[in-house]
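Observations on chain architecture
Here's the letter readout for the chains.
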Amino acid sequence: AAGFWATGHARDCRVECRLPSLAASLGILPLRTAATTVQPLAPVRRSWIMKIDILTLFPEICRAPLSESMMKRAQENKIVDLRFHYLRDWTTDKHHVVVDAPFGGGQGMVLKPEPVFAAVEELRQTCNTQPSTPHAQMPKAKVILMSPAGRRFNQQLAADLSRETHLIIVCGHY
């Protein structure tokens, strides 16, 4: 019986293949055949909650999409503890300034390092004083600075980050 197979490329949305062994040798995965059914994934079982702190100048913009769909279910099931932080809360000046002109001149603005470092240090300390795992020593939080010049976010990086207990994500561009 013929089945539908997909390579994952947009140009090969559906390819009909009559020989499953040929398709498997080409690396084409079955999407659905008459004899198989799609099994739901088993729920994630973890002994710890992944804590994610997001530092941004616009917490409400980040909160909306991350409070829906899979992230909403992960938060409801106590798999992820997601917190949004307003970067201006860590400033020390009267006007809560977090941006400055770039060193050496040029166009645009850059984040001041003082509030970013103060926020990251405080979030690291609060994580270490409130352990969410039964281990004696808590691992340090992994700090991620979002940048167009950084590593591309792909499935391998997502799998690596899913093993962390605490992520601090700094949204440095707006």
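Here, the structure is the one placed above.
Keep in mind that this is a model prediction, so the values were computed, not measured. Every chain is numbered independently, its residues counted from 1 as its sequence is written. The predicted origin of the model limits local features to residues at a pLDDT of at least 70 and limits the giving and counting of side-chain atom pairs to 80 or more, whereas totals for whole chains, interfaces and linings rest on all residues. Only hydrogens and water are set aside when side-chain values are computed; all heavy atoms of the structure are taken into account.

All right, on to the overall build of the protein then. By the criteria applied, helices consist of DSSP H or I runs no shorter than four residues and strands consist of E runs no shorter than two, each listed in order from the N terminus. Each helix and strand counted, the protein has five helices and nine strands in total. Reading the protein from its N terminus to its C terminus gives the helix and strand order β-β-α-β-β-α-α-β-β-β-α-β-α-β. Per-residue burial for the protein yields a buried fraction of 26% across its 174 residues. The contact rule is simple, with two residues in contact once any of their heavy atoms fall within 4.5 Å. Contacts in the protein between residues at least 24 apart in sequence constitute 62% of all its contacts with a sequence separation of at least 6. Using a 1.4 Å probe on the protein chains alone, a residue whose accessible area is under 20% of its type maximum counts as buried, one over 50% counts as exposed, and one in between counts as partly exposed.

With that settled, consider the pattern of salt bridges. Should a side-chain nitrogen of Lys or Arg be within 4 Å of a carboxyl oxygen of Asp or Glu, the pair is scored as a salt bridge. One pass over the full model with this rule turns up four salt bridges. Of the charged contacts in the structure, one is a salt bridge between E164 and K142, with a shortest N-O distance of 3.8 Å. On the criterion of sequence distance, the pair formed by E164 in the loop between α5 (155-161) and β9 (166-171) and K142 in strand β8 (residues 142-146) is long-range, its members being 22 residues apart. Measuring nitrogen to oxygen at the nearest pair gives 3.1 Å for the salt bridge that ties D160 to R163. Under the relative-accessibility criterion, D160 is labelled partly exposed at 30%.

This paragraph deals with the sheet that holds β8. Taking strand neighbours across the sheet as the criterion, the four strands line up as β5-β4-β9-β8 in an open arrangement whose pairing is parallel. Two strands close off the open sheet at either side, each with one partner strand: β5 (80-86) and β8. Strand-to-strand, the axes of this sheet are offset by a mean angle of 20°, without reference to chain direction. Two strands are counted as paired when DSSP detects at least two bridges linking them. For helices, the axis comes from a line fit to the C-alpha atoms of the stretch in contact; other axes are also lines fit to C-alpha atoms, and the angle between any two N-to-C directions lies between 0 and 180 degrees.

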